[in-house]
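# Chain and residue survey
Given next are the chains, with one letter for each unit.
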Amino acid sequence: AKVPVAPLAPPRSHLADYLQRAKQHPELASKSILAQVSFLQGEEAYVPFEVARLRQPLPASIATKQKLLDKVVASYRQSVDYGVAEWARASTYRIGAALVAFGDALEHSERPADISGDDLTAYEDVLFEQSAQFYGRGEDVWRELLRQRGRWDQKDEWLAKTEAALWPRLATRFYFKPEVEFPLVEAVAPPRAKNGSE
């Protein structure tokens, strides 16, 4: 009688094998490969985060989207922590983008059907205040990335994307400020010429 042969396990990918070996011997692993993998894991996690809409009841959908945001940020931060310039820049940009996207989702979230007038205005004021916190956090991440540009010794697409995303956002804050505040200084008339000429 023939001995039954167990079916062969599907072959693992070379990357899966590498990551397994990297866990066993982290001192031998390529930080560049690990940083890229973490970045790509962040990109994968970004898709469900991006498509998740904030619908009523809002607290439940916010909690769901917040968990998705946390997963996205964790992957990108892991990529940053490897200290590989290319992937650190890319991941930092994407962290800022994710925070700003969460703010956008809050600002444009579904409104309750049973409120209107002053109640709706007060509700939206709270939403705008909460969304502004996420906008500020995302913009702070981008500003810090641009501050550190000297460390990178080059300007790449991620720095360009950061500038393209951040500068217009900062510029819109001055749309409704026709005059910039400045200190007032008392004017003193210049002395007249001694020869009597005006």
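Scroll up to find the structure this text is about.
Residues numbered from 1 in each chain as written. Predicted model: local features only at pLDDT ≥ 70, side-chain atom pairs only at ≥ 80, totals over all residues. Heavy atoms only, no water.

So, about the overall build of the chain. A count of helices and strands for the chain gives seven helices and zero strands. For the chain, the N- to C-terminal ordering of α and β elements is α-α-α-α-α-α-α. The proportion of buried residues among the 198 residues of the chain is 31%. Within the chain, counting contacts between residues at least 6 apart in sequence, those at least 24 apart form 65% of the total. (Helix = DSSP H or I, 4+ residues; strand = E, 2+ residues; numbered from the N terminus. Buried < 20%, exposed > 50% of the residue type's maximum accessible area, 1.4 Å probe, protein only. Contact = heavy atoms within 4.5 Å.)

The next point concerns helix α4 (residues 85–107). The end-to-end C-alpha distance of α4 is 33 Å, a good match for the 33 Å that 23 residues give at a rise of 1.5 Å each. The buried fraction of α4 is high, at 18 of 23 residues. (Expected span 1.5 Å × (residues − 1).)

Moving on, we get to the side chain of E139. Counting through the fold element by element, E139 comes out in helix α5 (residues 117–147). Not counting residues within four places of it along the chain, the set of residues in contact with E139 comprises V100, L166, R169, L170 and R173.

As a further point, take helix α7 (residues 157–171). The end-to-end C-alpha distance of α7, which contains 15 residues, comes to 21 Å, matching closely the 21 Å that a straight helix rising 1.5 Å per residue would cover. Those residues of α7 not exposed but buried are W158, L159, T162, E163, A165, L166 and L170. Here α7 starts with a cap whose side-chain oxygen sits 3.1 Å from the backbone nitrogen of W158, and that cap is D156. (Polar contact = N/O pair within 3.5 Å; in protein donor to acceptor, adjacent residues only side chain to side chain.)

Another point: the pattern of salt bridges. Under the defined criterion, the tally for this structure stands at seven salt bridges. Note that E139 is salt-bridged to R169, the shortest N-O span being 2.8 Å. With E139 in helix α5 and R169 in helix α7, the pair connects residues that are 30 residues apart, well separated along the chain. Taking the relative accessible area as the measure of exposure, R169 reaches 22% and is therefore partly exposed. (Salt bridge = Lys/Arg side-chain N within 4 Å of Asp/Glu carboxyl O.)

Before going further, it helps to spend a moment on the packing of helix α1 (residues 14–24) against helix α2 (residues 31–51). A pair of packed helices is captured by two measures, namely the crossing angle of their axes and the spacing between those axes. Their axes nearest at 12 Å, the elements α1 and α2 cross at an angle of 115 degrees. Relative to α2, the crossing made by α1 is left-handed. Residues L15, Y18, L19 and A22 of α1 touch α2, and the partners they reach there are I33, L34 and V37. (Axes fitted to C-alpha atoms, helices over the stretch in contact; angles between N-to-C directions. Left-handed = near helix turned anticlockwise from the far one by under 90°.)

Turning next to the packing of α2 against helix α3 (residues 58–81). The contact between α2 and α3 brings their axes to 7 Å, and the two run at 165 degrees. Viewed along their axes, α2 and α3 adopt a mutual orientation that is roughly antiparallel. α2 and α3 meet at a crossing whose hand is left-handed. Residues A35, S38, F39, Q41, G42, E43, A45, Y46, P48, F49 and E50 of α2 lie in contact with α3, whose contacting residues are K65, L68, L69, K71, V72, S75, Y76, Q78 and S79. (Parallel < 35°, antiparallel > 145°, perpendicular 65-115°, else oblique.)

This part covers unusual backbone geometry. Cis rather than trans, the peptide bond between Q56 and P57 has omega equal to -5 degrees. Within the secondary structure, P57 is located in the loop between α2 and α3.

This part takes up the nonpolar core. Membership of the largest hydrophobic core comes to 34 residues, with the highest contact counts inside it found for Y46, F49, L69, V72 and W142. Looking at this core, the elements that each hand over two or more residues are α2, α3, α4, α5 and α7. Contacts of F49, omitting those with residues within four sequence positions, involve K65, L68, L69, V72, A98, A101 and F102. (Core = buried A, V, L, I, M, F, W, Y, C linked by side-chain atoms within 4.5 Å.)

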